[in-house]
Amino acid sequence: MTTAEQTPAGIGSPYPAPSGPKYTRKQVALAIVALSIGGFAVGVTEFAIMGLQLEAVADLGITIPQAGLLISAYAIGVVIGAPILSILGAKRERKSYALLLLGIFVLGHVLSFFAPNYETMLIARFLSGLPHGAYFAVAALMAAEMAGPAKRSRAIAVVLGGLAISNVLGVPVVTAMGQAFGWRWMFISVIVLALITMAAVARYAPRQMPPAKATMRSEIKGLKNKRLWVGIMLAVVGFSGMFALYSYIAPVSTEITGFSESSLPWIVGLFGAGMVVGNFVGGWAADKSVLGTVVIAMALVAVFMVLFAYTAHIPALMLIFLFLVGVSASALGPSMQTHLIDTAPDAPQLAASLHHSAFNAANALGALVGGQVIAAEMGLRAPSYVGAGAAVLGVGVALYAIHLTRKMKTPRTAI
């Protein structure tokens with residue numbers, strides 16, 4: 001059976017059949033790495049603030065739950081910006097649009113660095129998040145088209161891998177730098193990374209026009225799709241548990257486990273290592289079974305989060321289960337991105353961006369609910385237990401998504 005027969009163009013994949021544009025392996029590798037550097041920059045801004053939460057509290061004179069809203073503000077920006085900017089860019093040449101979105105990202109971080117107070121910082125974080133999802137959507141579509149249908153999930157995993165790798169290399173370094181020189185230097189680091197990304201994308205990524213049928217109207221019509229909305233719900237529920245835990249990893253590590261603040265860079269680095277492993281394992285598994293990967297990963301998230309919370313006072317076990325939460329949660333990324341694209345082949349850019357809206361809705365929800373249960377004096381372990389419950393609910397939603405997918409008679413690997 002040929003690749004085209006396994007995943008027909010227009011069924012579960014909006015990308016050209018093998019008769020489309022040809023790229024050499026070197027071209028594909030350089031272009032995808034250039035795009036993934038942007039994911040690295042996004043990962044630093046999205047996750048480093050969690051390890052620098054205590055510094056933000058001291059600098060801005062706010063409470064821990066208020067600091068959680070700095071995470072939520074960025075995430076809400078992603079939720080709102082991703083679909084709007086993706087629809088506006090439906091007919092735009094993809095490389096130039098990616099560069100425009102990166103420019104907006106840089107501007108938001110300049111405003112964050114100079115924000116004089118908490119209220120202004122919230123606005124700046126919101127603005128910084130606006131281009132996040134649309135950038136990842138464009139980058140994922142470019143990578144998937146270059147790689148071809150048979151390897152699309154692995155190509156998407158490489159782009160998302162920049163975000164995962166940032167948690168191993170970028171976040172620990174920026175966390176340590178923020179503790180030493182002030183947490184706002186995180187924003188300068190992100191600006192530098194984004195400018196490097198712009199130079200690399202301009203140099204190595206090919207120009208790529210969207211499909212001729214791609215229009216703002218077709219992207220908006222793509223919203224009239226039950227499978228798409230079930231997929232969005234699945235992503236929100238599935239990822240919220242991870243963020244309920246990770247948003248408050250700093251106080252859990254210092255107040256329950258007993259680690260010093262100086263240990264936080266390598267603790268968040270350990271979580272990031274789990275995310276890297278999970279991202280690439282998830283990409284490999286998703287090319288075999290998209291929703292099967294989701295069900296297994298979601299169930300493991302629930303189990304490992306309960307074990308993390310239960311053993312948080314035992315340093316060795318806490319670190320083991322923190323790593324395993326990172327692996328299982330990150331394995332959801334490539335499969336969820338692929339599933340959402342599959343649900344709307346006539347609106348690929350919007351569908352791809354909605355993965356990041358859902359991911360960051362989960363970020364905002366996890367940070368918000370986690371802050372609320374802490375404010376209600378339920379303890380610092382409570383967010384992890386709440387997150388485990390969300391993952392269990394996610395398994396149920398995933399099983400319903402499988403039911404809908406089978407009714408559509410999609411290719412076997414989409415299930």
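Residues numbered from 1 in each chain as written. Predicted model: local features only at pLDDT ≥ 70, side-chain atom pairs only at ≥ 80, totals over all residues. Heavy atoms only, no water.

Naming follows an unreviewed UniProt entry, where the protein appears as DHA1 family inner membrane transport protein of Nesterenkonia aurantiaca. A UniProt comment under Subcellular location (unreviewed entry) is attached to the protein, and it reads "Cell membrane". (UniProt positions renumbered as here; feature names shortened; annotations may be inferred.)

Peer 1: Explain the packing of aromatic side chains here, please?
Peer 2: The description of an aromatic ring pair uses the distance of the two centres, along with the angle that the planes make with each other. In total, this model carries five aromatic pairs according to the counting rule given. Ring geometry for Trp-183 and Phe-187: centres 5.6 Å apart, planes at 65°, overall edge-to-face. Note on Trp-183: relative accessible area 3%, which makes it buried. Using a relative accessible area of 0% as the deciding quantity, one classes Phe-187 as buried. Their ring planes at 85° and their centres at 5.6 Å tell us that Phe-259 and Trp-266 sit as a pair that is edge-to-face. You can call Phe-259 buried: its relative accessible area is 16%. Feature note: the residues Phe-113, Phe-114 and Trp-185 constitute an aromatic cluster, connected by ring pairs. (Phe/Tyr/Trp six-rings, centres within 6.5 Å; stacked < 30°, edge-to-face > 60°. Buried < 20%, exposed > 50% of the residue type's maximum accessible area, 1.4 Å probe, protein only.)

Peer 1: Quick question: what am I supposed to make of the packing of helix H2 (residues 25–51) against helix H10 (residues 185–204) here?
Peer 2: If you want to describe how two helices pack, look at the angle between their axes and the distance between the axes. Following both chains from N to C, one finds H2 and H10 inclined at 165°, their axes separated by 8 Å at the closest point. Considered as vectors, H2 and H10 are oriented roughly antiparallel to each other. Where H2 crosses over H10, the handedness of that crossing is left-handed. Here Leu-30, Ala-31, Ala-34, Leu-35, Ile-37, Gly-38, Phe-40, Ala-41, Val-44, Thr-45, Ala-48 and Ile-49 of H2 come into contact with H10, specifically with Met-186, Val-190, Leu-193, Ala-194, Ile-196, Thr-197, Ala-200, Val-201 and Tyr-204. (Axes fitted to C-alpha atoms, helices over the stretch in contact; angles between N-to-C directions. Helix = DSSP H or I, 4+ residues; strand = E, 2+ residues; numbered from the N terminus. Parallel < 35°, antiparallel > 145°, perpendicular 65-115°, else oblique. Left-handed = near helix turned anticlockwise from the far one by under 90°. Contact = heavy atoms within 4.5 Å.)

Peer 1: Explain the pattern of salt bridges here, please?
Peer 2: Under the criterion given, the structure shown has two salt bridges. The salt bridge partner of Arg-184 is Asp-59, with a shortest N-O separation of 3.2 Å. Remark: Asp-59 occurs in helix H3 (residues 53–60) and Arg-184 occurs in the loop between helix H9 (170–181) and H10; sequence separation between them is 125 residues. When its relative accessible area of 39% is taken as the criterion, Asp-59 is described as partly exposed. Between Arg-207 and Glu-93 there is a salt bridge, with its nearest N and O atoms 3.5 Å apart. (Salt bridge = Lys/Arg side-chain N within 4 Å of Asp/Glu carboxyl O.)

Peer 1: It is not clear to me how empty space enclosed by the protein should be interpreted in this structure. Could you clarify?
Peer 2: Empty space among the atoms becomes visible once a probe the size of a water molecule is rolled across them. All told, the structure shown has three cavities of 30 Å³ or more when counted by the stated rule. Reported here for the largest cavity is a volume of approximately 150 Å³. Taken together, 14 residues form the lining of the largest cavity, with Leu-160, Leu-163, Gly-333, His-355 and Phe-359 sitting closest to its centre. The residue makeup of the lining of the largest cavity, split by class, is eight nonpolar, six polar and no charged. Considering the residues around the second largest cavity, the lining is formed by Val-42, Leu-101, Leu-102, Phe-105, Pro-131, His-132 and Tyr-135. Listed by contribution, the elements that provide at least two residues to the lining of the second largest cavity are helix H5 (94–114) and helix H7 (132–147). The greatest single-element share of the lining of the second largest cavity, amounting to three residues, is contributed by H5. Split into classes, the residues belonging to the lining of the second largest cavity amount to six nonpolar, one polar and no charged. (1 Å grid on protein atoms, 1.4 Å probe; cavity = no way out; pocket = protein on both sides within 12 Å on 5 of 7 lines; lining within 4 Å. Points joined across faces, edges and corners; volume = space filled by probe spheres on them. Nonpolar A, V, L, I, M, F, W, Y, C, P; charged D, E, K, R; others polar.)

Peer 1: Which parts of the structure should I look at to understand unusual backbone geometry?
Peer 2: Leaving glycine out, the prevailing phi sign among residues is negative, and the prevailing peptide bond configuration is trans. Residues other than glycine seldom take positive phi values, yet Glu-377 does so here, at roughly 60°. Relative to the helices and strands, Glu-377 is located in the loop between helix H18 (348–375) and helix H19 (382–407). On the basis of relative accessibility, which here comes to 75%, the residue Glu-377 falls in the exposed class.

Peer 1: I tried to follow the side chain of Ser-112 on my own but got confused; where do I start?
Peer 2: Mapped onto the elements of the fold, Ser-112 is located in helix H5. Look at Ser-112 and you get buried, because its relative accessible area is 0%. Engagement of the side chain of Ser-112 in a polar contact is seen with the backbone oxygen of Gly-108, the distance being 3.0 Å. Dropping the residues within four chain positions of it, Ser-112 is found in contact with Met-121, Ala-124, Arg-125, Ser-128, Arg-184 and Phe-187. (Polar contact = N/O pair within 3.5 Å; in protein donor to acceptor, adjacent residues only side chain to side chain.)

Peer 1: How do you make sense of helix H17 (residues 332–343) when you look at a structure like this?
Peer 2: Because an α-helix completes one turn every 3.6 residues, residues spaced three or four positions apart along the sequence face the same direction. Counted at 1.5 Å a residue, the expected span for H17 with its twelve residues is 16 Å, and the 16 Å between its end C-alpha atoms agrees. Across the twelve residues of H17, twelve count as buried, placing the element largely inside the fold. What H17 keeps buried is the set Leu-332, Gly-333, Pro-334, Ser-335, Met-336, Gln-337, Thr-338, His-339, Leu-340, Ile-341, Asp-342 and Thr-343. (Expected span 1.5 Å × (residues − 1).)

Peer 1: Just to check I follow, could you spell out the side chain of Ser-189 for this structure?
Peer 2: Tracing the backbone shows Ser-189 in helix H10. Setting aside residues up to four positions removed in sequence, Ser-189 forms contacts with Val-174 and Met-177.

Peer 1: What am I meant to see in the environment of Gly-269 here?
Peer 2: Here Gly-269 is to be found in helix H14 (residues 264–286). Expressed as a C-alpha distance, the spacing of Gly-269 and Leu-169, which sit 100 residues apart in the sequence, is 7.1 Å. Excluding anything up to four places from it in sequence, Gly-269 contacts Asn-167, Val-168 and Pro-172.

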